[in-house]
Amino acid sequence: MDNEKTANTAPADLNKIIMQRKFTCPVCNGNFENWDVASYKVRIVRSDTDLRNYFAPYDPMYYAVVICYWCGYSAQRSDFSQILPKQIKLIREKITPNFVPSTYPQIYDVDIAIERYKLALQCTDAKEGKISEKAMICLRLSWLYRDKDDEESEKTYREEALKGLLQAFETERFPIAGMDHATMDYLIGELYRRCGNLEEASKHIGKVIVLRGIASRLKERALDVKDLILQEKAVLENPVEENEDSKE
């Protein structure tokens, strides 16, 4: 059944920004196309402290999941071709029999992006993929739910991302999901802060701050997060007392 979500109003040069990209599926060897954003046509307009970048005029993150139209195998583009023979067998057994292809509009809204990332998450579970791969999908789902102002779902996927990154930190070799040791420590620290664990956040951010030779931008981010942690600790240690009128 086709996905009937409608696209937003398109600019005149839309086809120069969002275009069809050809893929060959490593699971079924089928050829197919997915919409993709030309990275050189977009720019970062701002960033959040958990490494979420915002782009204009379109967000490439919305298009980062590749879905095979024929068998349903789905993954982030960076991981799509990285699949083992035993994982191919698992996808064929667990995903393909129940897969129903969808047709998507050229412009993906947040709900379409969430749908596609959830299918990638399902495939990662089915193929027993790397912990870091699952963690990064969960992190991006938390960002997408932030776009929807769905704080509860954002929190759920953030916590899953943090749990996965902690496991990956202990069991996988660096670079992990394209991150070096310092960036991983920073991200874990910031996710701890957003999850309300300020002590663990302080430990990980502190490690980054004292490291020598790291990128100045990462050091600045770590110092910014340290300030946020101190502010939040101060609020917890000195809560505003309710006056008698507000209690009534």
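Computed from a prediction, not measured in an experiment: that's the story for all the values here. (Residues numbered from 1 in each chain as written. Predicted model: local features only at pLDDT ≥ 70, side-chain atom pairs only at ≥ 80, totals over all residues. Heavy atoms only, no water.)

**Student:** So, the overall build of the protein: which residues are in play, and what are the values?
**Tutor:** Across its full length, the protein holds nine helices and six strands. Projecting the C-alpha coordinates of the protein onto the three principal axes gives extents of approximately 65 × 45 × 40 Å. Burial statistics for the protein: of 248 residues in total, 45% are counted as buried. Restricting to contacts in the protein with at least 6 residues of sequence separation, those with at least 24 account for 60%. In the protein, 36 positive and 41 negative side-chain charges are present, and the distance between their average locations comes to 8 Å. (Helix = DSSP H or I, 4+ residues; strand = E, 2+ residues; numbered from the N terminus. Buried < 20%, exposed > 50% of the residue type's maximum accessible area, 1.4 Å probe, protein only. Contact = heavy atoms within 4.5 Å. Lys, Arg positive; Asp, Glu negative; His and termini not counted. Charge placed at Lys NZ, Arg CZ, Asp CG, Glu CD.)

**Student:** Residue-level account of the packing of helix H6 (residues 181–194) against helix H7 (residues 198–210), with values.
**Tutor:** Relative orientation of the contacting elements H6 and H7 amounts to 155°, with a least axis distance of 8 Å. Overall, the two elements H6 and H7 adopt an arrangement that is roughly antiparallel. Seen from above, H6 lies across H7 with left-handed handedness. Within the contact between the two elements, H6 uses Ala182, Asp185, Tyr186, Ile188, Gly189, Glu190, Tyr192 and Arg193 and H7 uses Leu198, Glu200, Ala201, His204, Ile205, Lys207 and Val208. In terms of residue class, the contact of H6 with H7 is built from eight nonpolar, two polar and five charged. (Axes fitted to C-alpha atoms, helices over the stretch in contact; angles between N-to-C directions. Parallel < 35°, antiparallel > 145°, perpendicular 65-115°, else oblique. Left-handed = near helix turned anticlockwise from the far one by under 90°. Nonpolar A, V, L, I, M, F, W, Y, C, P; charged D, E, K, R; others polar.)

**Student:** Explain the pattern of salt bridges residue by residue, including any values.
**Tutor:** As a working rule, side chains carrying opposite charge can pair if their charged atoms are close by. Applying the stated criterion across every chain, the model contains 22 salt bridges. Of the charged contacts in the structure, one is a salt bridge between aspartate 50 and arginine 146, with a shortest N-O distance of 2.5 Å. With aspartate 50 in the loop between strand E3 (43–47) and strand E4 (53–56) and arginine 146 in helix H4 (residues 131–147), this residue pair connects regions lying 96 residues apart in the sequence. The closest approach of N and O atoms between lysine 89 and glutamate 93, which form a salt bridge, is 2.5 Å. Of this pair, lysine 89 and glutamate 93 are both found in helix H2 (residues 85–94), four residues apart, which corresponds to roughly one turn of the helix. Judged by its relative accessible area of 45%, glutamate 93 is partly exposed. Where salt bridges share partners, they join Arg46, Asp48, Asp50, Arg146, Glu154, Arg158, Glu190, Arg193, Arg194 and Glu232 into one cluster. (Salt bridge = Lys/Arg side-chain N within 4 Å of Asp/Glu carboxyl O.)

**Student:** Got a sec to walk through H4? Specific residues and values, please.
**Tutor:** Here H4 contains 17 residues, and its C-alpha end-to-end distance of 25 Å stays within 8% of the 24 Å for a straight helix at 1.5 Å per residue. Aspartate 149, located one to two residues past H4, shows a positive phi value of around 60°. (Expected span 1.5 Å × (residues − 1).)

**Student:** Please give an account of the side chain of aspartate 36 that cites residues and values.
**Tutor:** For aspartate 36, the location among the structural elements is in strand E2 (residues 31–37). The exposure class of aspartate 36 is buried, given its relative accessible area of 10%. One polar contact links aspartate 36 to arginine 21, side chain to side chain, over a distance of 3.3 Å. Polar contacts involving the side chain of aspartate 36 include one to the side chain of arginine 77, which spans 2.7 Å. Excluding residues within four positions of it along the chain, aspartate 36 makes contact with Ile17, Ile18, Met19, Arg21, Tyr63 and Arg77. (Polar contact = N/O pair within 3.5 Å; in protein donor to acceptor, adjacent residues only side chain to side chain.)

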